[in-house]
Amino acid sequence: MHIRQAVSADVDSIMDLYDGVSTAMVGTPYDCRWRRGGHPSREFVSGLVLDEGMLVAFEGDTLVGAVGTDHDLGHDYGELPWLCDVPDHLVAVIHLLVVREGWRGGGISRQLLAACLNVARARGMRTARLDATANNAPAIALYLSEGFYKVGEGVQDVGPRDDPHVPFVVLERVL
């Protein structure tokens, strides 16, 4: 497997990856409730790519995973008891960690997360923050095992139009 910085030519494949993963999760206990045309939006993913904030994992020519990073804490987090009180430009906010169905369970998420944290450290970030849907026990377990701590909970407005409110947990790891 090879992890690299995403480029503009990857955006269509990244969007297809998110669409395929979110569609496969519909109705399962781990449904992240992402929906194409809603979240993640092409605009958001393209912005991450242009800002060099998106990593992609390939197995041969197959895109098997992706993760994004920026400094946007979002309006949904509110006031939380952060572990590290630093300005936003020193915070790596991790978004949209995903692995293609059929490649899960082989450590790709862990490798993408490690690569993301390494890039954040190299760029001088002091802390990493992320959120995960409250129903995604495997993702939360991964983050906790990698040194993240739960700092809060909330509800995001990123689900499908008929039920946009998605419960989530917020985690942080000091770098």
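This text goes with the structure placed above it.
In this report, the structure presented in the accompanying data block is examined. On a predicted model such as this, the values are computed, not experimentally measured, just so you know. (Residues numbered from 1 in each chain as written. Predicted model: local features only at pLDDT ≥ 70, side-chain atom pairs only at ≥ 80, totals over all residues. Heavy atoms only, no water.)

Some remarks on the environment of Thr 23
Where we set the bar: Secondary structure is summarised from DSSP: a helix means a run of H or I of at least four residues, a strand means a run of E of at least two, and numbering begins at the N terminus for each.
Mapped onto the fold, Thr 23 is located in helix 1 (residues 11–25). Residues Thr 23 and Ala 139 lie 116 residues apart in sequence; the distance between their C-alpha atoms is 18 Å.

Brief notes about the layout of surface pockets
Just so we agree on the cut-off: The pocket and cavity definitions rest on a 1 Å grid over protein atoms only: a 1.4 Å probe that fits but cannot leave marks a cavity, an open set with protein on both sides within 12 Å along at least five of seven lines marks a pocket, and residues lining either have an atom within 4 Å of a point. Grid points are joined across faces, edges and corners, and a volume is the space filled by probe spheres set on the points. Asp, Glu, Lys and Arg are counted as charged, while Ala, Val, Leu, Ile, Met, Phe, Trp, Tyr, Cys and Pro are counted as nonpolar; the rest, among them Gly, fall into the polar class.
What the second largest pocket holds in volume is close to 200 Å³. Lining the second largest pocket are 17 residues, with Glu 52, Gly 53, Thr 69, Asp 70 and Arg 123 positioned closest to its centre. Those elements giving two or more residues to the lining of the second largest pocket turn out to be strand 2 (54–59), strand 3 (62–70), strand 4 (91–99) and helix 3 (108–122). Considered class by class, the residues forming the lining of the second largest pocket number nine nonpolar, four polar and four charged.

Brief notes about the packing of aromatic side chains
Heads up, the condition is: Classification of ring pairs rests on two measures: the distance between centres of Phe, Tyr or Trp rings, Trp counted by its six-membered ring, which must be within 6.5 Å, and the angle between planes, read as stacked under 30 degrees, edge-to-face over 60 and tilted in between. Comment: the charge-over-ring label is applied if NZ (Lys) or CZ (Arg) is within 6 Å of the ring centre and within 35 degrees of the ring normal.
With the rule as written, the count across this model stands at one aromatic pair. Between Arg 129 and the ring centre of Trp 82, over which it is positioned, the NZ or CZ distance is 3.8 Å.

So, the pattern of salt bridges
Our working definition: Should a side-chain nitrogen of Lys or Arg be within 4 Å of a carboxyl oxygen of Asp or Glu, the pair is scored as a salt bridge. Between buried and exposed lies partly exposed: a residue is buried under 20% and exposed over 50% of the maximum accessible area for its type, with that area taken using a 1.4 Å probe on protein chains only.
For the coordinates displayed, the defined rule picks out five salt bridges. Glu 153 is paired through a salt bridge with Lys 150; the nearest N and O atoms lie 2.6 Å apart. Judged by relative accessible area, Glu 153 falls into the exposed class, the value being 55%.

Some points on the environment of Cys 84
Stated precisely, the cut-off is as follows: Residues count as neighbours in contact if any of their non-hydrogen atoms are within 4.5 Å of one another.
Mapped onto the elements, Cys 84 comes out in the loop between strand 3 and strand 4. On a C-alpha basis, the gap between Cys 84 and Asp 51 in space is 24 Å, while along the polypeptide they are 33 residues apart. With sequence-adjacent residues up to four places away left out, Cys 84 is seen in contact with Arg 126, Thr 127, Arg 129, Glu 172 and Val 174.

Remember, this is a structural readout, not a statement about activity or role.
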